[in-house]
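Coordinate inspection notes
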Amino acid sequence: MKEITVQELKAKIDNKEDFQLIDVRETFEYETSNLDGLNIPLGGILIEADQIAQDKPVIIQCRSGKRSAAAVMQLEQMLGLTNLYNLKGGIVAWKEAFDPNMPVY
């Protein structure tokens with residue numbers, strides 16, 4: 001499984017690179033704090049797979065990196081997607097690195 005760090009994600013955002021960010025946390029977690037990604041809770045990731053870009057890198061994130069890793073594995077195994085990256089450490093790592101006041105559920 002390919003992974004990306006929060007520092008690499010921030011660089012992509014700062015450089016305005018073309019990628020898709022998907023947050024697989026539950027909606028109430030997403031509403032507490034998010035990085036402006038598309039919210040598709042893990043339980044619906046295969047059902048909503050048509051919303052996932054196939055023509056550019058897709059970074060999948062959650063709170064700590066565990067649910068997003070599960071999402072990457074499901075999408076790679078079931079749909080054969082190869083453009084997926086797990087955000088290592090999730091939004092908790094983002095908070096620690098860049099935004100200590102960010103509320104994280």
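Up top is the structure.
Sequence order as written defines the numbering, with residues in each chain counted from 1. Only residues with pLDDT of at least 70 get local features here, since the model is predicted, and only at 80 or more are side-chain atom pairs given and counted; chain-wide, interface and lining totals rely on the full set of residues. The basis for every side-chain value is the complete set of non-hydrogen atoms in the structure, without hydrogens or water.

As for the environment of Phe19
Comment: elements are numbered from the N terminus, with helices defined as DSSP H or I runs of at least four residues and strands as E runs of at least two. Topologically, Phe19 is positioned in the loop between helix 1 (6–14) and strand 2 (20–23). Here Phe19 falls in the buried class, since its relative accessible area comes to 17%. Between the C-alpha atoms of Phe19 and Val72, which are 53 residues apart in sequence, the distance is 15 Å. Whether two residues are in contact is decided by their heavy atoms: any pair within 4.5 Å suffices. Among residues more than four places away in sequence, those in contact with Phe19 are Leu9, Lys12, Ile13, Lys56, Pro57 and Ile59. The buried label goes to any residue with under 20% of its type's maximum accessible area, the exposed label to any with over 50%, and the partly exposed label to all in between, with areas taken from a 1.4 Å probe on protein chains only.

Some thoughts on the packing of aromatic side chains
What describes a pair of aromatic rings is the distance from one ring centre to the other and the angle between the planes of the rings. Aromatic contacts are taken between Phe, Tyr and Trp rings whose centres are within 6.5 Å, Trp giving its six-membered ring; a plane angle under 30 degrees counts as stacked, one over 60 as edge-to-face, and the others as tilted. Taken as a whole and assessed by the stated rule, the structure comprises one aromatic pair. A cation sits over an aromatic face here: Lys2 above Tyr85, 5.0 Å from the ring centre. Looking at Lys10, its charged tip hangs above the ring of Phe98, at a distance of 5.6 Å from the centre. Whether a charge lies above a ring is judged from NZ of Lys or CZ of Arg, which has to be within 6 Å of the ring centre and within 35 degrees of the ring normal.

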